[in-house]
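Residue-level structure breakdown
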Amino acid sequence: MDPPDHTRLRGLVSRAFTPRMVERLRPRVEAVTAGLIAALPEEGDLVSGFAYPLPVRVICEMLGVPPEDHERFQGWSETAARSLDPMLTAELISESGRSGREFRDYFRDLLELRRRQPGDDLLSALTRVEELTEGELLATCVLLLVAGHETTVNLIANGVLALVRHGLLAYAAERPRQVVEEVLRYDPPVQLTGRVALRDAELGGTPVPAGTAVVALIGAANRDPAVFPDPDHFDPGRSDPGRSDPGRSDATRSDGAREPGRHLAFGLGIHFCLGATLARMEGEIALSALAAAAPRMELLDPAPPYKPNLVLRGLARLPVRLNRQ
């Protein structure tokens, strides 16, 4: 969306994701993380046992989605993630339509329940917003749930893989913020995004007429050698991003120029990721706690399989041996 609709809808939910509101979740995120790590077997899949359930539980508690429904919407979320890809089969288009209807029906029933029995959660708050049409309300709920965990699952799993491969897992216990920022640059959960040109433009000598769809390759931009020295090298020791406001994009200065060493994993400008503060906090807590509990973790598969997705790139499984202390 573009303003004014984008501004209106984003403003209705952004208050739940301010740095102050997200920081209130820290004790709960730490508790969920500790519980999941304690329950991990010595050998097993880190995606299903840790990277997936952590952000799912957090976003569900924020929204007010019952814990017993977690497995119910997993398939819907996976289909929604795959449907973001630029090239879709007829089968996936059909599956996406069916899944989307079921997802909206689920939230329609849950929102009706929250109207009758409101709680201290985001869904209850959204039911009281008169400016939202039913379609906008349902679409917002699906977006928040899917975006609130699919990308963070990839951030955690991609981060563990990079750290273990490079023998740097212990670094995450000491400098989690720097580690998360380098994972976001080196192997971002969102590899590309789409835009439509609002006016005639030129990019790299290629004309881009107004109305043209453009695919922006975030993963490539994050390895631009003009911005990042030795960009294909995973180096958590790169300069600290120095985020004065973790919920805001620091990729540009006030005059619009690029700051050196700033990744685009969360996008840029008015569409900067609404949940960036939450994703960063979850990633930092997850990777630092895991590194402290299992600093000698080993990969059981040197080339773990990835999901077939192009846009939301992440591991399907990550078999590991913890070698706990």
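Let me sum up the structure you'll find in this document. Remember, it's a predicted structure, so these values are computed and weren't measured experimentally. (Residues numbered from 1 in each chain as written. Predicted model: local features only at pLDDT ≥ 70, side-chain atom pairs only at ≥ 80, totals over all residues. Heavy atoms only, no water.)

1. Concerning the overall build of the protein chain
Within the protein chain, the regular secondary structure consists of 14 helices and seven strands. Rg of the C-alpha trace for the protein chain: 20 Å, near the compact-globule value of 20 Å for 325 residues, within the 12% margin. In terms of overall dimensions, the protein chain has a C-alpha envelope of 55 × 55 × 45 Å along the principal axes. Put simply, the protein chain has 325 residues, and 45% of those count as buried. Within the protein chain, counting contacts between residues at least 6 apart in sequence, those at least 24 apart form 70% of the total. Of the roughly 16100 Å² that the protein chain leaves accessible, carbon and sulfur atoms contribute 54%. If you average the places of the 38 positive and of the 45 negative side-chain charges in the protein chain, the two averages end up 2 Å apart. (Helix = DSSP H or I, 4+ residues; strand = E, 2+ residues; numbered from the N terminus. Rg over C-alpha atoms; globule rule 2.2 N^0.38 Å. Buried < 20%, exposed > 50% of the residue type's maximum accessible area, 1.4 Å probe, protein only. Contact = heavy atoms within 4.5 Å. Areas by Shrake-Rupley, 256 points an atom, 1.4 Å probe, with all protein chains shown as cover. Lys, Arg positive; Asp, Glu negative; His and termini not counted. Charge placed at Lys NZ, Arg CZ, Asp CG, Glu CD.)

2. So, the packing of helix H3 (residues 26-39) against helix H5 (residues 53-63)
Contact pair H3 / H5: the axes reach a minimum separation of 10 Å and the direction vectors enclose 145°. You can see that H3 and H5 cross each other, and the crossing is right-handed. Here Arg-28, Val-29, Val-32, Thr-33 and Leu-36 of H3 lie close against H5, whose contacting residues are Pro-53, Leu-54, Arg-57, Val-58 and Glu-61. Taken together, the residues of the contact of H3 with H5 break down into six nonpolar, one polar and three charged. (Axes fitted to C-alpha atoms, helices over the stretch in contact; angles between N-to-C directions. Left-handed = near helix turned anticlockwise from the far one by under 90°. Nonpolar A, V, L, I, M, F, W, Y, C, P; charged D, E, K, R; others polar.)

3. As for the environment of Cys-141
With respect to the secondary-structure elements, Cys-141 resides in helix H9 (residues 134-147). Exposure remark for Cys-141: the relative accessible area of 0% places this residue in the buried category. The sequence separation of Cys-141 and Leu-126 amounts to 15 residues, and the corresponding C-alpha distance is 9.0 Å. Ignoring sequence-local partners within four residues, the contact set of Cys-141 consists of Phe-107, Leu-111, Leu-123 and Leu-126.

4. What about the sheet that holds strand S6 (residues 298-299)?
Hydrogen bonds along the backbone pair up the strands of a sheet, which may run parallel or antiparallel. Taking strand neighbours across the sheet as the criterion, the three strands line up as S1-S7-S6 in an open arrangement whose pairing is antiparallel. On the outer flanks of this sheet lie strand S1 (43-45) and S6, each paired with one strand and no other. Pairing of S1 with strand S7 (residues 319-321) involves three bridges; the strand directions are antiparallel. If you follow Asp-45 over to S7, its bridge partner there is Pro-319. (Pairing = 2+ DSSP bridges.)

5. As for the environment of Ile-156
Relative to the helices and strands, Ile-156 resides in helix H10 (residues 150-165). Between the alpha carbons of Ile-156 and Glu-134 there is a distance of 34 Å; along the sequence they are 22 residues apart. Ignoring sequence-local partners within four residues, the contact set of Ile-156 consists of Phe-50, Ala-51, Leu-54, Pro-55, Ala-286 and Leu-287.

6. Concerning the packing of aromatic side chains
All chains considered together, the criterion is met by seven aromatic pairs. Ring centres 5.4 Å apart and planes at 70° place the aromatic pair Tyr-106 and Phe-107 in the edge-to-face group. Phe-107 carries the same exposure label as Tyr-106, and that label is buried. In this structure an aromatic cluster arises from ring pairing among Phe-73, Trp-76, Phe-103, Tyr-106 and Phe-107. Between the NZ or CZ atom of Arg-185 and the centre of the ring of Phe-228, over which it lies, the distance is 5.4 Å. Across from the ring centre of Tyr-186, 4.3 Å away, lies the NZ or CZ of Arg-223, which sits over that ring. (Phe/Tyr/Trp six-rings, centres within 6.5 Å; stacked < 30°, edge-to-face > 60°. Lys NZ or Arg CZ within 6 Å of the ring centre and 35° of its normal.)

7. Looking at unusual backbone geometry
At the junction of Pro-3 and Pro-4, the peptide bond is cis and its omega measures out at 10° in the coordinates. Here the phi dihedral of Asp-230 falls at roughly 50°; this positive angle occurs in a residue that is not glycine. For Asp-230, the position within the fold is in the loop between helix H13 (218-221) and helix H14 (276-293). A relative accessible area of 52% places Asp-230 in the exposed class.

8. Observations concerning the nonpolar core
Ranked by size, the top nonpolar core spans 78 residues in total, and within it Leu-46, Phe-50, Leu-54, Val-65, Phe-107 and Met-297 carry the most contacts. Dropping the residues within four chain positions of it, Phe-107 is found in contact with Val-65, Leu-123, Leu-138, Cys-141, Val-142 and Leu-145. (Core = buried A, V, L, I, M, F, W, Y, C linked by side-chain atoms within 4.5 Å.)

9. Overview of the packing of helix H12 (residues 176-186) against H14
Running from amino to carboxyl end, H12 crosses H14 at an angle of 115°, the nearest separation of the two axes being 9 Å. Here H14 runs roughly perpendicular to H12, going by the angle between their axes. Here H12 runs over H14; the crossing is right-handed. Within the contact between the two elements, H12 uses Pro-176, Arg-177, Val-179, Val-180, Glu-181 and Leu-184 and H14 uses Arg-280, Gly-283, Glu-284, Leu-287 and Ser-288. Considered class by class, the residues forming the contact of H12 with H14 number five nonpolar, two polar and four charged. (Parallel < 35°, antiparallel > 145°, perpendicular 65-115°, else oblique.)

10. Thoughts on helix H7 (residues 90-116)
With 27 residues, H7 extends 40 Å from end C-alpha to end C-alpha; this agrees with the ideal 39 Å at 1.5 Å per step. Considered for burial, the residues of H7 that qualify are Leu-92, Ser-99, Gly-100, Phe-103, Tyr-106, Phe-107, Leu-110, Leu-111 and Arg-114. Buried residues along H7 sit against helix H6 (74-82), helix H8 (122-127) and H9. (Expected span 1.5 Å × (residues − 1).)

11. Overview of the pattern of salt bridges
A full pass over the atoms with the stated rule returns 20 salt bridges. A salt bridge links Glu-136 to Arg-8; the shortest N-O distance between them is 2.6 Å. Taken together, the residues Glu-136 in helix H9 and Arg-8 in helix H1 (residues 5-14) connect sequence positions 128 residues apart. The buried category is assigned to Glu-136, whose relative accessible area is 18%. A residue is classified by how much of its surface remains accessible, and Arg-8, at 30% relative accessible area, is partly exposed. Among the salt bridges present, the one from Glu-95 reaches Arg-82, with a minimum N-O distance of 3.9 Å. In this pair, Glu-95 is assigned in helix H7 and Arg-82 in helix H6, connecting sequence segments 13 residues apart. A relative accessible area of 29% means that Arg-82 is categorised as partly exposed. Among the charged side chains, a salt-bridge network with shared partners connects Asp-5, Arg-8 and Glu-136. (Salt bridge = Lys/Arg side-chain N within 4 Å of Asp/Glu carboxyl O.)

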